Amino acid sequence: MELLVVGVLGLLGIAAATALGPRVRVSPPLLLVIVGILVSFLPFVPEIEIDPEWIIAGVLPPLLYSASVAMPSMEFRREFGAISGLSVSLVVVSSVAMGLLFTWIVPGLSLAAGIALGAIVSPTDAVATSIVKRVGVTPRIVTVLEGESLLNDATALVLLRSAIAATAASITFWEIVGDFVFAVTVAVVVGYAVGKVNLWVRSRVTDATVNTVISFAVPFVAAVPCEALGASGLVAAVVAGLVTGRGAIRSLSPQHRMSDVQNWRTIELILEGAVFLVMGLELSTIVSDLTNEVRGIELGARVAGITLLGVVVVRALFVFPMLGLQRRSFRRGERMKPHLTAVQERLEGVDPTQADLMLDAARADAARAGSMPEPAEAADPDADPPTDDEVAVGEQAADHRRRRFRRRPPDRAISSASLQRFQSRLRRKVADIDYFMAEPLGWREGTVIVWAGMRGAITLAAAQTLPQGTPDRSLVIFIAFLVAAGSLIIQGATLPWLVRLVKPAGVDREAARTERADLLEMLRGVADDVVREHREARAAAGEPSGPRDAEADRELYRTLRLDIIAAQREALLSVRDEGTFSASVLTGALETLDADQISMELRRAHQDEA
C-alpha cells in the first residue's frame, strides 16, 4: 500500500509540475528535480535508491523509441553528419579529455578510471532535450540536439564498459573500436529487423488498442536481445523507432497512428517526469553514502564544478570548428545549385525513349557542378589566378567524369523509372541545398547547441552501474549527480536568457505560411486530378449524369473523398522523400488528412449502426 501511495503522489506531482511550469516560467523537468531534492531531505521520507538497470533497460528504450518515431527521417538524414560527430567523436574526445583532467585533480586516480568517469559525464540526455523544445529555437537546432541524444548513450556506455575492463586488465585501442563497431552493427541490424516486423504485424491487426499495446513492447523486443548479445540495446530501440516512424504512414491506418501518438505522449510524460523526480529524490541517499567515505562533500562539489565547466569547454571547442566545416560544405552546395537547377530544367518533359543522351549529359553536368566555380567567382579581380598545375588537374577531373558517364552502350535505352529516379535525386539534392541555405548554423546557433547540451539521468544511472568494489564509488556517483543536476538547473534555467541574448535565427513564420500555401496549392491540384479521373471513369462506364437518390450521392461523395485523401497522402509522402517541404508543414498536412479520414469513417460507422 505504501508503494501505491508513493506512486499516486508521484503521478500527481508530475501532472502538477507540467501544468504549473509554463505559468511560473520554469521548465517542468527543472521543477521536478528541485522538488525531488527538497523532499529527499524531509525526515519522514525514506531513503530512495533505484537500480540503474531500471533506467538504462526499463526507461530509456521506450523514451528513445518514442523520440525516434517522431524524428523526421529527412531532417535526420540531412543532419546525420553533425549528429554522428556529436554522438560519437565528441563523446570520445570528451571522455579522454575529462579522463586526463580527473587524473590530474583527483590524487591516485588511474587513467582508465578517469576515462570511465569521463564517459559517465560526456553524453547529453535525451530527456533533457525536452527543455530545449520550449525556448523557441529553430527546428534544425532541435533536430541536431535530439539526434545527438538518441545515439551518444551507446558510445558512452561502450567506453564506460571498456574503461572498467581496463582497470582490471590491459585492453588495446583496437579492442575498444571492435567492441563499439560490434555493438552498433548488431544493434542496427536487430533494430531494423524489429522495426520491419513491427510494421508487418501491426498492419494486420485491426484493433487500435491492441495495436498500441504491441507498440509498447517494440522497444524492449529490440533492446533485450541486443543486450544479451553484448550490443547496444539503446541503439536498437532508436533504429526500430526510425524504421517505424518512416513506414507507419503507409503501413498503419490513421486510427492506429493517432492512438499511438496520444498514448505515447502520455507514456513520455510519465517516464520523463519520473526520471527527473527520482533523480532529485536520490540525493539524500547519495549524500549519506558519501559521508562515510574518506573524501567528503567538499571535494565532490569542487570536482563536480570543474567537471561541469570542463564538459562545456570541450563541447564548445568541438562544436564551433564542426560548424565551420559545415559552412564550407554549404558554400559548395550554393555553387552547385545553379547547375543542378539547369539540369532539372533540361530534363523537364523529356521523353524517356529519347533520354539517353540527355541523361548522360545531365549526369556529366551534375558531376562537373561539384568542381566548377561560379562565373562571378572565377571573374573575381581579387582572386589569385589558377596555376598551370591546378588547371591541368581540373581538366583531367572533368575529362574523367565525362568518360565515366559515357560508358553506357549506345543501344541501351533509359527506362522511365531510371529517369524518374535521377530526377528525384536531383530534386532532393536541390531541396537539401535550400534547407541549409534557409537555416544556416552560425556562431549564434552554435552557442545554443553548446549550452543546450545538458546532462541528465543517464549520467547518474551510468555512474551507478560501476561495480561495488570500484574505488571511491560513492564519490563518483555523487560527482555524477552534481554534474547532472547542476547541468539541468544551471544550463536549463539560463537557456531562455541565453537565447534572448545571442538571438539565434528563430522560426520564420512568414516562410512557413508561404510554404503551407504552396503545399495547399499542390494538394488542390491532386484533388482536381482525382475528380477529373472519376468523371472520366463514370463517363466511360456509361453512368447516367441525371439525379440519383440521396444514399447513392452520399456513397459517391464518400468514395471520391477517400480517393482524394489517399492520393493527397501519397503526394505528401513523395515530396517528403524528396525533402521539398519542411517536416513541420508536412506533418500538419498529414495529420489533417488523417483527421478527415477518421471523421468520415466514424460517420459511416454510425450510419451503418443506425
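1. Quick look at the overall build of the protein chain
Right, on to step 1. The helix and strand tally for the protein chain stands at 24 helices and zero strands.
Right, on to step 2. By the burial criterion, 45% of the 610 residues in the protein chain qualify as buried.
Right, on to step 3. The contacts in the protein chain between residues at least 6 apart in sequence include a share of 85% that link residues at least 24 apart.

2. Quick word on a positive patch on the surface
Right, on to step 1. Together, R327, R328, R331 and R332 line one region of the surface with positive charge.
Right, on to step 2. By the secondary structure assignment, R332 is in helix α14 (residues 297-347).

3. Some details on the packing of aromatic side chains
Right, on to step 1. As enumerated under the stated definition, the model contains three aromatic pairs in all.
Right, on to step 2. Pairing F216 with W264 gives two aromatic rings, centres 5.2 Å apart and planes at 80 degrees, and the pair type is edge-to-face. Of this pair, F216 sits in helix α10 (residues 208-229) while W264 sits in helix α12 (residues 254-281); the two residues are 48 residues apart in sequence, bridging distant segments of the chain.
Right, on to step 3. Judged by its relative accessible area of 28%, F216 falls in the partly exposed class.
Right, on to step 4. Each residue in the set Y65, F216 and W264 is aromatic and connected to the rest through ring pairs, giving one cluster.

4. A word on a negative patch on the surface
Right, on to step 1. Residues E47, E49, D51, E53, E227 and D289 make up a contiguous surface patch of negative charge.
Right, on to step 2. Considering the arrangement of structural elements, one finds D289 in helix α13 (residues 283-290).
Right, on to step 3. Overall, D289 belongs to the partly exposed group, its relative accessible area being 35%.

5. Let's talk about helix α20 (residues 457-464)
Right, on to step 1. In terms of burial, α20 is a largely internal element, eight of the eight residues being buried.
Right, on to step 2. Those residues of α20 that sit buried are A457, I458, T459, L460, A461, A462, A463 and Q464.

6. Regarding the pattern of salt bridges
Right, on to step 1. Per the counting criterion, the structure on display carries 11 salt bridges.
Right, on to step 2. In this structure, R161 engages D179 in a salt bridge whose closest nitrogen and oxygen atoms are separated by 3.2 Å. Here R161, found in helix α8 (residues 139-168), pairs with D179, found in helix α9 (residues 173-202); they are 18 residues apart in sequence, far enough to count as distant.
Right, on to step 3. Overall, the relative accessible area of 36% leaves R161 in the partly exposed class.
Right, on to step 4. Three or more residues are tied together by salt bridges with common partners; here these are R257, R569 and D594.

7. Looking at the confidence of the model for the protein chain
Right, on to step 1. Per-residue pLDDT for the protein chain has a mean of 79; in total, 83% of the residues score no lower than 70.
Right, on to step 2. Predicted confidence for residues 370-394 stays below pLDDT 50, and this span has nine contacts to residues more than four positions away or in other chains.
Right, on to step 3. Low pLDDT (under 50) marks residues 404-413, which in the prediction has 10 contacts with non-local residues, meaning those over four places away or in another chain.

8. Side note on helix α5 (residues 80-105)
Right, on to step 1. Taking 1.5 Å of rise per residue, 26 residues should cover 38 Å, and α5 covers 36 Å from first to last C-alpha, within 8% of that figure.
Right, on to step 2. At L90, α5 shows its strongest bend, of approximately 35 degrees.

9. Here we look at a nonpolar patch on the surface
Right, on to step 1. Taken together, the side chains of L4, V5, V8, L9 and L12 define a hydrophobic patch exposed on the protein surface, amounting to about 470 Å² of accessible area.
Right, on to step 2. Along the chain, L4 turns up in helix α1 (residues 2-24).
Right, on to step 3. For L4, a relative accessible area of 54% translates into the label exposed.

10. Here's the deal with the packing of helix α3 (residues 52-70) against α10
Right, on to step 1. The contact between α3 and α10 brings their axes to 9 Å, and the two run at 115 degrees. One element, α3, and the other, α10, form an angle in the roughly perpendicular class. In the packing of α3 onto α10, the handedness of the crossing is right-handed. In contact with A57, G58, P61, P62 and Y65 of α3, α10 contributes S215, V218, P219, F220 and A223.
Right, on to step 2. Here the residues of the contact of α3 with α10 are counted per class, giving eight nonpolar, two polar and no charged.

11. Digging into the packing of α3 against α12
Right, on to step 1. Between α3 and α12, the least distance of the axes is 10 Å, while the angle of their chain directions is 135 degrees. What the angle tells us is that α3 and α12 run oblique. For the element pair α3 and α12, the recorded crossing hand is left-handed. Contact residues: α3 offers V59, P62, L63, Y65, S66 and A67, while α12 offers W264, E268, L271, E272 and V275.
Right, on to step 2. Here the residues of the contact of α3 with α12 sort into eight nonpolar, one polar and two charged.

Conventions adopted
- All chains use their own residue numbering, which begins from 1 and follows the written sequence.
- Owing to the predicted nature of the model, reporting of local features is limited to residues with pLDDT of at least 70; listing and counting of side-chain atom pairs is limited to 80 or more, with chain, interface and lining totals taken over all residues.
- Side-chain measures were taken over the full set of non-hydrogen atoms in the model, leaving aside hydrogen atoms and water.
- Think of it this way: any DSSP run of H or I at least four residues long counts as a helix, any run of E at least two long counts as a strand, and we number them from the N terminus.
- Burial here depends on accessible area, computed with a 1.4 Å probe over protein chains only, as a share of the maximum for the residue type. Under 20% is buried, over 50% is exposed, and the range in between is partly exposed.
- Two residues form a contact once any of their heavy atoms are found within 4.5 Å.
- Surface patches are drawn from residues lacking salt bridges whose relative accessible area is over 30%; two like charges belong together within 9 Å, two nonpolar side chains (Val, Leu, Ile, Met, Phe, Trp, Tyr) within 5 Å.
- Surface accessibility follows the Shrake-Rupley procedure with a 1.4 Å probe radius. Residue values consider only the protein chains on display as shielding.
- For this document, the term salt bridge refers to a Lys or Arg side-chain nitrogen within 4 Å of an Asp or Glu carboxyl oxygen.
- Counting rule applied: Lys, Arg positive; Asp, Glu negative; His and chain ends not counted.
- Charge coordinates come from a single atom per side chain, which is NZ of Lys, CZ of Arg, CG of Asp or CD of Glu.
- Side-chain rings of Phe, Tyr and Trp (the six-membered ring for Trp) are treated as a pair once their centres are within 6.5 Å; stacked means planes under 30 degrees apart, edge-to-face means over 60, and tilted covers the remaining angles.
- A residue's pLDDT is the confidence the predictor assigns to it, expressed on a 0 to 100 scale.
- Expected span of a helix: the number of residues minus one, times 1.5 Å.
- The angle between axes fitted to the seven residues ending at a residue and the seven residues starting there is what we call the bend at that residue.
- Fitted lines through C-alpha atoms give the axes, limited to the stretch in contact for helices. The angle between two N-to-C directions lies from 0 to 180 degrees.
- Roughly parallel means an angle under 35 degrees; roughly antiparallel means over 145; roughly perpendicular covers 65 to 115; every other angle is labelled oblique.
- A clockwise turn of the near helix away from the far one marks a right-handed crossing, whereas an anticlockwise turn of less than a right angle marks a left-handed crossing.
- Each residue gets one label: Ala, Val, Leu, Ile, Met, Phe, Trp, Tyr, Cys and Pro are nonpolar, Asp, Glu, Lys and Arg are charged, and the others, such as Gly, are polar.

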